[in-house]
Amino acid sequence: MIRSIEENLTRQNKAMRLLLELLEEEFAALRKREPQTVSRVDLSIQELMRQIAAERFSLKAEIKQLNPDAARVRDVLDSMDGPGRRTVDGLLAALDKAEQDCAVKADKNRHLSLGLFEQSKSLLKFLHNEIQPKSDKSYSARGRYAAHSPQAALLSGRL
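Below is a summary of the structure that appears in this document. Counting starts from 1 at the beginning of each chain's written sequence and moves along it residue by residue. Note on the predicted model: pLDDT of at least 70 is required for a residue's local features to be given, and 80 or more for side-chain atom pairs to be given and counted; whole-chain, interface and lining totals, by contrast, use all residues. With hydrogens and water stripped out, all remaining heavy atoms of the structure feed into the side-chain values.

A few words now on the overall build of the chain. Strands are runs of DSSP state E lasting at least two residues, helices are runs of H or I lasting at least four, and both sets are numbered from the N terminus onward. Broken down by element type, the chain carries 4 helices and 2 strands. For the chain, the succession of helices and strands along the chain, N to C, is α-α-α-α-β-β. Here the contacts in the chain between residues at least 6 apart in sequence split such that 62% fall between residues at least 24 apart. As displayed, the chain offers around 12000 Å² of accessible surface, 55% of which is attributable to carbon and sulfur atoms. Contacts between residues were defined by any pair of non-hydrogen atoms, one from each residue, lying within 4.5 Å. Surface accessibility follows the Shrake-Rupley procedure with a 1.4 Å probe radius. Residue values consider only the protein chains on display as shielding.

Below, the structure written as structure tokens:
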């Protein structure tokens, strides 16, 4: 059972390292402004997160089999022997560090993507304001001012 917990934690550590690499790839694609690459990497990140969640549910089930009152791996560390305990403790420390690194990188990606969104939004707003006519009058197809009402008008007539 303890061997199974060690293997699960090892898989989670490897997955977190892969997640960090994917987040770095996403950051590079954001900096290069390549939306297709960002979308592809984002889908990979989502699938990896799903797999990590499945590993965590599996680990929680194994812990419940070992000790029904335990909710976390640290709750069952006391029941482990010396070498197994040190191994699991080291894996937990590495997993915690990897999670922190991923959280920092994900926050950087979020800030960059929000900044790019705001920049694009303000550029579109500027362009929209520039192409709008400056007054209530605009030219018709014949080169004269066209009379138009910017407000909604009520139509009435007979059939």
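Now that the structure has been shown, we can carry on.
Before going further, it helps to examine the packing of aromatic side chains. For Phe, Tyr and Trp, where Trp contributes only its six-membered ring, two rings pair if their centres lie within 6.5 Å, and the inter-plane angle classes them as stacked under 30 degrees, edge-to-face over 60, or tilted in between. The tally for this structure, following the rule as stated, stands at 0 aromatic pairs. For a ring to carry a charge above it, either NZ of a lysine or CZ of an arginine must fall within 6 Å of the ring centroid while also lying within 35 degrees of the normal to the ring plane. The ring of F27 carries the charged tip of K105 above its face, separated from the ring centre by 4.3 Å.

Bringing a nonpolar patch on the surface into the picture now. Residues L123, L124, F126 and L127 make up a contiguous nonpolar surface patch of roughly 420 Å² in combined accessible area. In this fold, L124 is placed in helix α4 (residues 82–131). Burial classes: relative accessible area under 20% of the type maximum marks a residue as buried, over 50% as exposed, and values in between as partly exposed (1.4 Å probe, protein chains only). For L124, a relative accessible area of 60% translates into the label exposed. By definition, no residue in a patch forms a salt bridge, and every one has over 30% relative accessible area; like charges are joined within 9 Å, nonpolar side chains (Val, Leu, Ile, Met, Phe, Trp, Tyr) within 5 Å. Throughout this description, the term salt bridge denotes a Lys or Arg side-chain nitrogen within 4 Å of a carboxyl oxygen of Asp or Glu.

Only the stretch in contact is used when a helix axis is fitted, and all axes are lines through C-alpha atoms; the angle between N-to-C directions ranges over 0 to 180 degrees. One way to put it is that helix α1 (residues 2–32) packs onto α4 with a least axis distance of 9 Å and a crossing angle of 20 degrees. Our classification of the angle between α1 and α4 gives roughly parallel. The chirality of how α1 crosses α4 is left-handed. Throughout this entry, Asp, Glu, Lys and Arg are counted as charged residues, while Ala, Val, Leu, Ile, Met, Phe, Trp, Tyr, Cys and Pro are counted as nonpolar. The remaining residues, Gly among them, count as polar. Looking at side-chain class alone, the contact of α1 with α4 contains 17 nonpolar, 7 polar and 8 charged residues. Our angle categories are set so that under 35 degrees counts as roughly parallel, over 145 as roughly antiparallel, 65 to 115 as roughly perpendicular, and the remainder as oblique. Crossing handedness is read from the near helix: turned anticlockwise from the far helix by less than a right angle, it gives a left-handed crossing, and turned clockwise, a right-handed one.

This part takes up unusual backbone geometry. For R33, which is not glycine, the phi dihedral falls at a positive 60 degrees. Within the secondary structure, R33 is located in the loop between α1 and α2 (35–66). Overall, the relative accessible area of 54% leaves R33 in the exposed class.

Now for the environment of M49. As for its position among the elements, M49 is in helix α2. Counting along the chain gives 30 residues from M49 to L19, while the straight-line C-alpha distance between them is 8.1 Å.

Relative to the assigned elements, E26 resides in helix α1. Among buried Asp, Glu, Lys and Arg side chains, E26 stands out as unpaired, with K105 the closest opposite charge at 9.2 Å. Counted as positive: Lys and Arg. Counted as negative: Asp and Glu. His and the chain ends are not counted at all.

Under the 1.5 Å per step criterion, the end-to-end length of α4 is 73 Å for 50 residues, consistent within 8% with the ideal 74 Å. Those residues of α4 not exposed but buried are G84, V88, L91, L92, L95, A98, C102, K105, N109 and L116. Contacts from the buried residues of α4 go to α1, α2 and α3 (73–76). Each residue after the first adds 1.5 Å to the expected span of a helix.

A few words now on the nonpolar core. Among the nonpolar cores identified, the biggest contains 24 residues, and I5, L9, M16, L19, I63, V73 and V88 are the most heavily contacted of them. Mapped onto this core, the elements with two or more residues apiece are α1, α2, α3 and α4. Per-element tally for this core: the top contributor is α1, with 7 residues. To define a nonpolar core, start from buried Ala, Val, Leu, Ile, Met, Phe, Trp, Tyr and Cys residues and group those joined through side-chain atoms within 4.5 Å.

Purely geometric stuff here, so don't read any function into it on its own.
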